[in-house]
Amino acid sequence: MSGDLQAVWLTALLAATTTLLLVPLASPLAWWLARSTSPSRSVIEAVVAMPLVLPPTVLGFYLLVMLNPESAVGSLWIELTGDSLTFSFSGLVIASIIYSLPFMVQPLQAAFRAVPESVLEAAATLGAPPRDRWLNVVLPMAKRGYLTGCVLTFAHTVGEFGVVLMMGGNIPGETRVLSIAIYEHVETLNYDAAHVLALGLLGFSFLSLWLVYRYAGHRFEVVRG
Amino acid sequence: MSRQLIIKGSLRRARFTLDLDLDVDLSKPLGILGATGAGKTTLLRVIAGLERDFSGRVEFCGEVWHDGDHFDRVPTHQRGLGVVFQDGRLLPGRTVESNLAFAQQRARNVNAAVSYEALTEALDLNHLLSEPAEVLSGGERQRVALARALLARPRLLLLDEPLAANDADHRQQLIGYLAEWLPAEGIPLVYVSHAAHELAQLTRQLIVLERGSVTAQGETHVLLEAQSEAIDSVARPVAAVVMSTDVEHSTATLQLDDDVAEAVLPGERVLLQRELTEDSGLGPALQPQSDENEG
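So, a few notes on the structure that sits alongside this text. (Residues numbered from 1 in each chain as written. Chains lettered and ligands numbered in written order. Predicted model: local features only at pLDDT ≥ 70, side-chain atom pairs only at ≥ 80, totals over all residues. Heavy atoms only, no water.)

This part covers the overall build of chain A. The helix and strand inventory of chain A stands at 11 helices and zero strands. When the helices and strands of chain A are read in sequence order from the N terminus, they spell out α-α-α-α-α-α-α-α-α-α-α. The burial tally for chain A puts 40% of its 225 residues in the buried class. Pairs at least 24 apart in sequence give 71% of the contacts found in chain A among residues at least 6 apart. Counting only carbon and sulfur atoms, one obtains 69% of the accessible surface of chain A, whose full area is about 11,400 Å². (Helix = DSSP H or I, 4+ residues; strand = E, 2+ residues; numbered from the N terminus. Buried < 20%, exposed > 50% of the residue type's maximum accessible area, 1.4 Å probe, protein only. Contact = heavy atoms within 4.5 Å. Areas by Shrake-Rupley, 256 points an atom, 1.4 Å probe, with all protein chains shown as cover.)

Structure follows, in structure tokens:
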């Protein structure tokens, strides 16, 4: 596999892994943020949203400090898996999860907030226990939030640069994702190769956003029977 | 089998306190009467386990549902209820059929005198089955909610103004069905309404709530008659002209001297006088003109 194709594959794998892991991780957090009246809610909301405003290099730097092999988390990880969290694919996944957290949490939070308490009460009076209410009332009503969250998380992870560079460097097949590959092509004045990858990312970004706007603005099919 | 409903305790809110000490046998359907804000809906919510801050004890058929301690109570979904809220509260994003199926699939007891087909037919729902819940009118929503509550095959039916959004024809028809079905199904009933004639036809015992407390309890017809006499004795007869009536929305526009007022009319003419008297202070002088214009 050529270096660029390998970068495309690695990027897709990183984005898919991040998205799949964020769905179960972000759901309870988004639910709590949507329903809680705790005073600590705004603090947690601010922490979750920080990657939106923080320079990626700052986040990458702190992740590097927290997850390097000398740190408590990094050394524990090495003990458990034998691998380092820095300059490795697993480290990139952790960094991406943190970096993309608001892109999954915020659409879910908005979707959960739109589920009226009164509807959940009605479902409870009909004999639906909490898990049943979650699966058969909340989830169908939050479909658009999940679609938006997944598309935005995937697209955002595909476009990651600063955090990846700080945490993963540029190791082909391990941490060299598309944005790093483009950067490398530009550095070596290989503009043709940079163009191909950049144009691909441009088209992908447009398609992702179109998908969100196209379907987030439309009603989903009504549940029948 | 005991059908005792015991509620003792209170629920404190910023501008409202529900204070209850009730012990009623629900082998006779129970009506709850009271003005807006008296606590009727809150009382139903306490029975349903939807008021987490209620401090006290709720017991039904000897089973303790709530005992002051939140962790000790039977959660709402295990109480075997059928609840119709004022606004219907259908599950959004689902068709009428899917809403009914939701209740049927979770029904505790599948044996019932009234079948799905009989319910949808009688409640005039067959032409609505494939419609999404969002497009229904208020009355249609309430009828679906009523069918849904009955399909849940409840141990206890809690109805909160379940017919209020229906037109007079549907209301009268539904009262007839409920009066026939509820005894056939043998489901204990708690029925909240402003409408005296609904309570008179569907319940046999009555509780009157005022500002969160029970002010009267007894046989429905006795209490309703007493209420009506009390109203008649204090009412100030005034002359009013019925300018127009809107049968669809059960309202009438009235002229009293220089003022024009709108009044809500109940479903039955015989009780019109009482309802208007109670709500607007209009006296018996209204009735002849009202009858003439409505006829």
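Our focus in this paragraph is the sheet that holds strand S1 (residues 4-13) of chain B. Residue and element names in this part refer to chain B. If you trace the four strands from one edge of the open sheet to the other, you get S2-S1-S4-S5, paired in antiparallel fashion. Edge positions in the open sheet fall to strand S2 (16-25) and strand S5 (63-67), since each of these has one partner strand only. Within the sheet, the average angular offset between the axes of one strand and its neighbour, ignoring direction, is 15°. Strands S1, S2, strand S4 (55-60) and S5 of the sheet are contacted by helix H1 (residues 40-48), whose axis makes an angle of about 65° with S2. (Pairing = 2+ DSSP bridges. Axes fitted to C-alpha atoms, helices over the stretch in contact; angles between N-to-C directions.)

On to the side chain of His-77 of chain B. Locating His-77 of chain B in the fold gives a position in the loop between S5 and strand S6 (81-84). Those residues within four positions of His-77 of chain B in sequence are excluded, and the remaining contacts are Ala-124, Gly-127, Ala-128, Pro-129, Pro-130 and Arg-133 of chain A.

A word on the interface of chain A and chain B. Listed as interface residues are 22 residues of chain A and, on the opposing side, 25 residues of chain B. Around 2,000 Å² of area is buried between chain A and chain B when both sides are counted, 62% of it from carbon and sulfur atoms. Joining chain A to chain B, the criterion identifies three salt bridges. With its nearest N and O atoms 2.9 Å apart, the salt bridge here joins Arg-89 of chain B to Glu-121 of chain A. The interface formed by chain A and chain B includes four residue pairs in polar contact (both at pLDDT 80 or more). For the side of chain A that touches chain B, the secondary-structure elements that each account for two or more residues are helix H6 (117-125) and helix H7 (130-141) of chain A. (Buried area = accessible area lost by both parts, 1.4 Å probe. Salt bridge = Lys/Arg side-chain N within 4 Å of Asp/Glu carboxyl O. Polar contact = N/O pair within 3.5 Å; in protein donor to acceptor, adjacent residues only side chain to side chain.)

Taken as a whole and judged by the stated rule, the model has nine aromatic pairs over all chains. The interplanar angle of 55° and the centroid separation of 5.8 Å between the aromatic rings of Phe-154 of chain A and Phe-204 of chain A together place this pair among those described as tilted. Of this pair, Phe-154 of chain A sits in helix H8 (residues 143-158) while Phe-204 of chain A sits in helix H11 (residues 191-216), and the two are 50 residues apart along the sequence. Given a relative accessible area of 27%, Phe-204 of chain A falls into the partly exposed group. These aromatic residues form a ring-pair network of at least three members: Trp-31, Phe-112, Trp-134 and Tyr-146 of chain A. Residue placement shows Arg-89 of chain B over the ring face of Phe-85 of chain B; its charged tip is 4.0 Å from the ring centre. (Phe/Tyr/Trp six-rings, centres within 6.5 Å; stacked < 30°, edge-to-face > 60°. Lys NZ or Arg CZ within 6 Å of the ring centre and 35° of its normal.)

Time to look at the pattern of salt bridges. All told, the structure shown has 17 salt bridges over all chains when counted by the stated rule. For Asp-4 of chain A, the salt bridge is made with Arg-176 of chain A, and the minimal N-O distance between the two is 3.9 Å. With a gap of 172 residues between them, Asp-4 of chain A in helix H1 (residues 3-35) and Arg-176 of chain A in the loop between helix H9 (162-168) and helix H10 (178-187) connect regions that are remote in the sequence. Relative accessible area serves as the criterion here: at 9%, Arg-176 of chain A is assigned to the buried category. In this structure, Arg-143 of chain B engages Asp-124 of chain B in a salt bridge whose closest nitrogen and oxygen atoms are separated by 3.9 Å. Here Arg-143 of chain B is found in helix H4 (residues 138-151), whereas its partner Asp-124 of chain B is found in the loop between helix H3 (116-122) and H4, with 19 residues between them in sequence. Overall, the relative accessible area of 32% leaves Asp-124 of chain B in the partly exposed class. Each of Glu-121 of chain A together with Arg-13, Arg-45, Glu-51, Asp-87 and Arg-89 of chain B takes part in a single network of salt bridges with overlapping partners.

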